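Each chain, letter by letter, is given below.
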Amino acid sequence: MSDVAFYDFVREPFLKLALWVFFLGIAYRFFRVLFLGIPHDYAKPKGNPYYMAVKKIVIKPTMGWTFREIFARRAINFIGGFMFHIGFIGLTFLVPAHALLWREITGLPIPMMPNIVSDMLAYSAFGSLLVLTVHRALNPVLKLLTGKDEYFANLLIGLILFTGLLATKWAGSGYIWILSIHIFLADLLIIYIPFSRLSHFVYYFLSVGFMGWNAGKRGVSF
Amino acid sequence: MESLYNVFKRRGYTRRDFLKSALLIASTIGMGPSFLPQVVKALESKPKPQVLWLSFQSCLGCTQSILNSTSIVPADVLSEYISLEYHETLMFSHRSKEAMDLQKGRYVLVLEGSLPVDGGFYCTGGGRSAEEILKSLMDGAGLILALGSCASWGGIAHAEPNPTKAVAVDEILKHKRVVKLPGCPPVGDVIVSVIASFVVTGKPPEVDGEGRPRVFYGQTIHDRCYRRPFYDAGKFVGSFEGEDAQRGYCLYRMGCKGPITRNACATVRWNGGLSFPIQSGHPCFGCSEADFWDRGFIYRPLSVVEEGFSWKEALAGALIGTALGYGTAYINKKLGGG
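Note that the coordinates shown come from a computational prediction; the quantities given were computed from them, not determined experimentally. (Residues numbered from 1 in each chain as written. Chains lettered and ligands numbered in written order. Predicted model: local features only at pLDDT ≥ 70, side-chain atom pairs only at ≥ 80, totals over all residues.)

*Asks:* What am I meant to see in the overall build of chain B here?
*Replies:* If you tally the helices and strands in chain B, you get 17 helices and nine strands. The dimensions of chain B, computed from C-alpha atoms along their principal axes, are 95 × 50 × 35 Å. Taking all 338 residues of chain B together, 46% fall into the buried category. Counting contacts in chain B only where the partners sit at least 6 residues apart, residues at least 24 apart contribute 74% of the total. (Helix = DSSP H or I, 4+ residues; strand = E, 2+ residues; numbered from the N terminus. Buried ≥ 20, exposed ≤ 12 C-beta atoms within 10 Å, placed from the backbone. Contact = placed C-beta atoms within 7 Å.)

*Asks:* Quick question: what am I supposed to make of the overall build of chain A here?
*Replies:* When you go through chain A residue by residue, the secondary structure sums to 11 helices and zero strands. Considering only C-alpha atoms, chain A reaches an extent of 65 × 40 × 35 Å along its principal axes. The 222 residues of chain A split such that 31% are buried. Within chain A, counting contacts between residues at least 6 apart in sequence, those at least 24 apart form 75% of the total.

*Asks:* How do you make sense of the pairing of strand S3 (residues 107-112) of chain B when you look at a structure like this?
*Replies:* Look at any regular strand and the pattern is simple: side chains alternate between the two faces of the sheet. All names here are of chain B. Counted residue by residue, S3 has six buried out of six residues, so it is predominantly covered. Along S3, one buried face is formed by Tyr107, Leu109 and Leu111 and the opposite face, lined by Val108, Val110 and Glu112, is buried too. Here five bridges tie strand S1 (residues 50-55) to S3, and the two strands are oriented parallel to one another. Across the sheet, the residue bridging to Leu52 is Leu109, located in S3. Bridge count for S3 against strand S7 (residues 141-147) is six bridges, and the pairing is parallel. Residue Leu111 lies in a different strand from S7, and its bridge partner there is Ala146. (Pairing = 2+ DSSP bridges.)

*Asks:* What should I look at first to understand the nonpolar core in this one?
*Replies:* As a rule of thumb, soluble globular proteins bury nonpolar side chains together. Ala125(A), Val108(B), Leu111(B), Leu145(B) and Ala146(B) are the most contacted members of the largest nonpolar core, which has 141 residues in total. Of the residues that make up this core, three or more belong to each of domain 1 (4-217) and domain 2 (219-307) of chain B. Setting aside chain neighbours within four positions, we find Val108(B) in contact with Pro49(B), Gln50(B), Val51(B), Ala141(B), Gly142(B), Leu143(B), Leu145(B), Ile195(B) and Phe198(B). (Core = buried A, V, L, I, M, F, W, Y, C linked by C-beta atoms within 7 Å. Domains from an automatic or database assignment.)

*Asks:* Help me out: how do you make sense of unusual backbone geometry in this one?
*Replies:* Outside of glycine, negative phi angles account for most residues, and trans bonds account for most peptide bonds. Residues and elements named next belong to chain B. In this chain, Glu160 is followed by Pro161 through a cis amide linkage whose omega measures 5 degrees. Tracing the backbone shows Pro161 in the loop between helix H9 (155-158) and strand S8 (166-167). The amide bond that connects Cys184 to the next residue, Pro185, takes the cis arrangement and shows omega of 0 degrees. Looking at the secondary structure, you find Pro185 in the loop between strand S9 (178-181) and helix H11 (188-201). Positioned with a positive phi, Asn271 is a non-glycine residue whose angle comes to about 50 degrees. The exposure class of Asn271 is partly exposed, given the 13 C-beta atoms found within 10 Å.

*Asks:* What's the story with the packing of helix H2 (residues 15-28) of chain B against helix H3 (residues 36-45) of chain B in this structure? I'm lost.
*Replies:* Two quantities define a packed helix pair, namely the angle between the axes and the distance from one axis to the other. Residue and element names in this part refer to chain B. Running from amino to carboxyl end, H2 crosses H3 at an angle of 115 degrees, the nearest separation of the two axes being 9 Å. In this structure, H2 meets H3 at a crossing whose hand is right-handed. Every residue of H3 that contacts H2 at Leu19, Ala22, Leu23, Ile25 and Ala26 is listed here: Leu36, Val39, Val40 and Leu43. Residue composition of the contact of H2 with H3, grouped by class: nine nonpolar, no polar and no charged. (Axes fitted to C-alpha atoms, helices over the stretch in contact; angles between N-to-C directions. Left-handed = near helix turned anticlockwise from the far one by under 90°. Nonpolar A, V, L, I, M, F, W, Y, C, P; charged D, E, K, R; others polar.)

*Asks:* When you look at the interface of chain B and chain A in this model, what are you seeing that I'm missing?
*Replies:* How big an interface is tends to be expressed through the accessible area that disappears when the partners come together. At the interface, 35 residues of chain B touch 38 residues of chain A. In terms of residues, the side of chain B that touches chain A owes the most to one element, helix H17 (residues 311-336) of chain B, which gives 14 residues. Class assignment for the residues of the side of chain B that touches chain A results in 16 nonpolar, 12 polar and seven charged.

*Asks:* How do you make sense of the environment of Lys165(B) when you look at a structure like this?
*Replies:* As for its position among the elements, Lys165(B) is in the loop between H9 and S8. Not counting residues within four places of it along the chain, the set of residues in contact with Lys165(B) comprises Pro116(B), Val117(B) and Asp118(B).

*Asks:* Where do I start with the domain arrangement of chain B in this structure?
*Replies:* Domain annotation for chain B reports domain 1 (4-217), domain 2 (219-307) and domain 3 (313-338). Put simply, the middle of domain 1 of chain B and the middle of domain 3 of chain B, counted by C-alpha atoms, are 63 Å apart.

*Asks:* Please clarify how helix H10 (residues 175-192) of chain A should be interpreted in this entry.
*Replies:* Each α-helix winds once per 3.6 residues, and so residues spaced three or four apart point in a common direction. Taking 1.5 Å per residue as the helical rise, H10(A) with its 18 residues ought to reach 26 Å, and the 25 Å between its terminal C-alpha atoms agrees with that figure. Burial runs high along H10(A): 14 of the 18 residues are buried. (Expected span 1.5 Å × (residues − 1).)

Here you go:
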């Protein structure tokens with residue numbers, strides 16, 4: 001198989017399959033949980049659960065951002081996690097080639113960023129992913145919470161970032177192979193998301209809102 | 001047989017003109033300035049190449065391309081230097097018998113167009129199938145050139161639904177070394193350079209895994225595109241009529257296939273180095289890569305799904321997922337007694 005034939009395969013039928021699996025799988029997992037529901041609670045709420053649910057969703061991203069929290073106790077988690085997420089989300093949506101795909105899917109005028117910005121995001125995301133993975137493997141608490149799923153996801157994302165950087169910077173005459181492998185791995189990731197904890201980005205608002213709702217029901221603050 | 005220098009002299013050109021052409025040949029085939037004396041000596045002493053040109057399922061655009069090559073040597077010298085001993089389209093087919101008597105191992109067999117493997121119904125000449133004609137001439141060739149995307153990959157005749165069952169020539173010549181010069185058509189100066197390099201070195205050029213000369217097909221159009229800085233800066237043409245197009249921004253968004261296309265257009269260029277499609281404001285549509293006709297979406301970016309994947313498909317997937325999720329949750333609740 002030539003590199004262009006492989007490129008055509010990963011870009012057309014395999015990407016299409018991956019997108020179908022992604023949208024179907026994510027909706028399946030999300031609504032299955034939603035429709036299962038929770039047992040009816042007859043106790044009268046002590047606070048305002050719906051207000052607290054919204055409040056939790058809104059303020060959660062800034063809740064840990066105190067100096068002591070960040071630098072004294074969980075510096076790697078906060079800084080590394082922030083750098084990785086900003087980088088990964090930025091690269092996923094705003095690299096020109098990616099943005100054009102998302103424009104086609106969503107119909108929205110998604111902006112495109114220049115290479116120098118995507119390079120900075122890619123280096124920061126790749127570096128922080130390495131640090132977070134090592135931290136995860138060494139930290140005694142995180143080690144207990146980590147399974148094969150996390151390591152596989154980190155490996156896959158790391159390879160996608162690495163091949164993306166390789167393709168844009170150092171691929172030389174192997175550019176089409178490296179680019180095709182990059183797309184192939186991205187297709188695998190898109191397929192893998194609904195089957196893994198990577199789907200947390202869909203449950204984020206649901207789970208955080210539920211925590212707030214529970215706090216409101218019990219009349220406690222957070 | 002006379003040499004290239006003899007043709008130059010007879011046509012009234014100066015030695016300086018000859019040396020300029022020799023320098024161009026040396027540089028285009030990847031030889032440094034130190035090799036110039038050897039190149040000059042070879043072009044002065046070695047006889048002009050004997051060329052057998054077989055046209056199969058093609059539009060003759062490749063013939064037109066070499067006739068329009070003017071950068072390497074002047075057009076009148078070129079038409080005399082490339083000694084066309086036999087051209088399937090231009091000459092009577094019985095000449096192929098005479099052509100076979102050429103010195104074996106010396107002549108250049110140029111193949112233009114794809115071959116039908118339909119049992120001899122399409123593309124016949126003098127009562128013989130294209131495959132028979134090709135096989136009768138292949139043994140004595142010192143260099144076999146598959147000229148253009150049709151000969152190299154099958155081309156438009158090979159595209160769906162491929163009614164003639166067209167194949168690339170190397171599928172017929174499985175045990176022969178075929179040098180491919182894909183493109184629709186290939187750059188004329190590239191054809192001339194490859195033939196001239198065979199005269200100079202006496203052997204085929206170094207090729208990549210697909211049989212293309214590395215010196216011309218080693219890099220993508222994207223690698224050598226003068227608009228590449230705009231790609232890196234994230235500046236793209238949004239419409240052919242817009243200001244961005246006038247500013248000469250990158251054509252990736254307009255469907256440019258430069259990133260996956262290996263050819264010499266961006267370096268050698270066309271019409272005496274005047275321009276190439278991207279310089280003229282049109283995206284590259286990847287004519288030198290295999291099966292580019294079946295890729296289909298000339299004016300859509302490379303990174304989108306070829307047959308389309310819009311919000312409608314995304315919504316359809318989400319609705320099916322929702323229905324399945326509801327069904328599973330319902331069954332779970334029933335089984336769980338909820």
